[in-house]
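# Coordinate inspection notes
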Amino acid sequence: MSTTSSQPQNPTPKTLFMHQTPAAAGPTEGTKDEHTGLTKLPNGVVLDKDGKPCRLCTSAASWRSLTKQAKASPSSSSSSSSSTPASSTTSTSSPPPPKASPTAAASTAATAAAAAAASSTTLPTESQTQCPPDVEELGRSTWTLLHSMTAAYPARASPEQQTDMQSFLRLFGRLYPCWVCADDFRTWMAEPSGRNQPRLGGRSEFGTWMCEAHNAVNRKLGKREFDCRFWEERWRTGWKDGRCD
Ligand SMILES: Cc1cc2nc3c(=O)[nH]c(=O)nc-3n(C[C@H](O)[C@H](O)[C@H](O)COP(=O)(O)OP(=O)(O)OC[C@H]3O[C@@H](n4cnc5c(N)ncnc54)[C@H](O)[C@@H]3O)c2cc1C
């Protein structure tokens, strides 16, 4: 996987992604390019192949910066302003607020004030917001699916089961909706020495292979690697200390 390239809108010397500048570098909001006069995208925002910001490829933090930027300068001639789905997402896709019930109308002014204060300072939880996923949420859900597939894989897989899984992984590498992630995943699998080819003979080797695949992404993102000797406790049997029982 390459670690050296940059996003055209916002080149930085060092990036974690083939296609993305790292959000950790700190999003830059609304800075203008001195040559073009266009508003630069915040760091970490990945564009889709059609040139629009790709939410499924972008971290929640970078997406928030982009939304903020779009709200701050809705009419600026930004490279993202015409194509940013952020503002339309936040302004049109939320369900309308519920109508006040008689019970609510009867509540005391103090209660209402407290509720208003709470709603203005407390962010809703992820399950309450029900927004489209960003790259992290999509990733967590997908790893759950992928590792669970290894957990459910037979101890010894038949030729047909191996072929099916091979097909799944090939298609997964082409269809995973974070396209930059998919590109890197395919590149990793196709490493010329062949050492990253899926190992599909049975659960143990497939689970270890998936763990290695996940660790390759962890490394790319600068995260701690997982000790693959424990993949099965994490994803199949539960930890030996009984915390999952
Ligand atoms: C194929 C794929 C490619 C991705 N590529 C990118 C990318 O290029 N850029 C990007 O920003 N994000 C990418 N992601 C998302 C990224 O991997 C994470 O899912 C996301 O950053 C959220 O990370 P997290 O720290 O919550 O835990 P995750 O990495 O999602 O892990 C979830 C849980 O899995 C367990 N775990 C961690 N590592 C392993 C392992 N090696 N083996 C078994 N279990 C493990 C841990 O218990 C962890 O809490 C990709 C996801 C997938 C599925």
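All residue numbers refer to position in the chain's written sequence, counted from 1. Only residues with pLDDT of at least 70 are given local features in this predicted model, and only at 80 or more are side-chain atom pairs given and counted; all residues enter the totals for whole chains, interfaces and linings.

The name an unreviewed UniProt entry assigns to the protein chain is Sulfhydryl oxidase, from the organism Aspergillus candidus. As recorded by UniProt, the Subcellular location (unreviewed entry) comment attached to the protein chain reads in full: "Mitochondrion intermembrane space". UniProt positions are given in the numbering used here, feature names are shortened, and annotations may be inferred rather than shown by experiment. Quoted verbatim from the Catalytic activity (unreviewed entry) field of UniProt, the annotation for the protein chain is "2 R'C(R)SH + O2 = R'C(R)S-S(R)CR' + H2O2".

What follows deals with the overall build of the protein chain. For the protein chain, the helix and strand inventory stands at 10 helices and 0 strands. Put simply, DSSP H or I for four residues or longer makes a helix, DSSP E for two residues or longer makes a strand, and each gets a number counted from the N terminus. Along the chain direction, N to C, the helices and strands of the protein chain fall in the order α-α-α-α-α-α-α-α-α-α. The burial criterion counts other C-beta atoms lying within 10 Å of a residue's C-beta, which is placed from the backbone; the residue is buried at 20 or more, exposed at 12 or fewer, and partly exposed between these limits. When each of the 245 residues of the protein chain is scored for burial, the buried share is 22%. Counting contacts in the protein chain only where the partners sit at least 6 residues apart, residues at least 24 apart contribute 54% of the total. Each residue gets a C-beta atom placed from its backbone, and two residues are in contact if those atoms lie within 7 Å.

Our next topic: the nonpolar core. Here a nonpolar core is just a set of buried residues of the types Ala, Val, Leu, Ile, Met, Phe, Trp, Tyr and Cys, joined wherever their C-beta atoms sit within 7 Å. V46, C57 and C178 are the most contacted members of the largest nonpolar core, which totals 15 residues. Going through the elements one at a time, α1 (60-72) and α8 (179-189) are the ones with two or more residues in this core. These domain limits were set by an automatic method or by a database of domain assignments. Two domains each donate at least three residues to this core, and these are domain 1 (32-69) and domain 2 (134-236). One finds Y153, W209, W231 and W235 within the second-largest nonpolar core, a separate group that totals 8 residues.

The next thing to look at is α8. Considered for burial, the residues of α8 that qualify are V180, C181, D184 and F185. Summarising the axial view, the buried residues of α8 lie within an arc of 135°, below the 170-degree limit, and thus occupy one face. The elements touched by buried residues of α8 are α7 (159-175) and α9 (203-220). As used here, the arc belongs to the directions running from the helix axis to the C-beta atoms.

Moving on to the confidence of the model for the protein chain. As a per-residue quantity, pLDDT reports the predictor's confidence and falls between 0 and 100. For the protein chain, per-residue confidence averages 77 on the pLDDT scale, and residues scoring 70 or more make up 63% of the total. Residue range residues 1-18 is modelled with pLDDT below 50. Its contacts to residues more than four positions away, or to other chains, number 39 contacts. Contacts of residues 76-120 to residues separated by more than four positions or lying in other chains number 39 contacts, the stretch itself having pLDDT below 50.

For the ligand, the set of nearby residues contains 23 residues, the closest of which are G139, C181, C211, H214 and F226. For the shell around the ligand, the secondary structure elements donating two or more residues are α6 (135-151), α8, α9 and α10 (231-237). Looking at which element gives the most residues to the shell around the ligand, the answer is α6, with 7 residues. Lys, Arg, Asp and Glu make up the charged group, whereas Ala, Val, Leu, Ile, Met, Phe, Trp, Tyr, Cys and Pro make up the nonpolar group; the residues left over, Gly among them, are polar. Here the shell around the ligand is built from residues that sort into 12 nonpolar, 6 polar and 5 charged. Only the C-beta atom matters for nearness: placed from the backbone, it must lie within 6 Å of the molecule or strand for the residue to count as near.

This brings us to α6. A rise of 1.5 Å per residue sets the reference length of α6, with its 17 residues, at 24 Å; its end C-alpha atoms lie 24 Å apart and thus fit the reference within 8%. Looking only at α6, the buried set comprises V135, H147 and T150. All buried residues of α6 fall inside an arc of 85° around its axis, so they share one side. Counted as exposed and oriented over 90 degrees from the buried face of α6: S141, T144 and L145. Buried residues along α6 sit against α9 and α10. One less than the residue count of a helix, multiplied by 1.5 Å, gives the span that helix is expected to have.

The subject of this paragraph is the environment of M189. Along the chain, the position of M189 falls in helix α8. Given 18 C-beta atoms within 10 Å, M189 falls into the partly exposed group. Measuring from C-alpha to C-alpha, the distance between M189 and R170 comes to 9.4 Å, with 19 residues separating the pair along the chain.

Moving on to the packing of α6 against α9. Packing of α6 against α9 brings their axes to within 8 Å, and their N-to-C directions diverge by 160°. If you check the angle between α6 and α9, you find them roughly antiparallel. Remark: the crossing between α6 and α9 carries left-handed chirality. Here W143, L146, H147, T150 and A151 of α6 lie close against α9, whose contacting residues are R203, F206, G207, M210 and H214. Considering only residue class, the contact of α6 with α9 consists of 5 nonpolar, 4 polar and 1 charged. To obtain an axis, a line is fitted to C-alpha atoms, over the contacting stretch when the element is a helix, and the angle between two such axes runs from 0 to 180 degrees between their N-to-C directions. Oblique is the label for any angle not under 35 degrees, not over 145, and not in the 65 to 115 range, which are roughly parallel, roughly antiparallel and roughly perpendicular in turn. For any helix crossing, the convention is left-handed if the near helix is rotated counterclockwise from the far helix by under a right angle, and right-handed if that rotation is clockwise.

Take A216: it is sitting in helix α9. Distance in space between the C-alpha atoms of A216 and D184 is 9.8 Å, their sequence separation being 32 residues.

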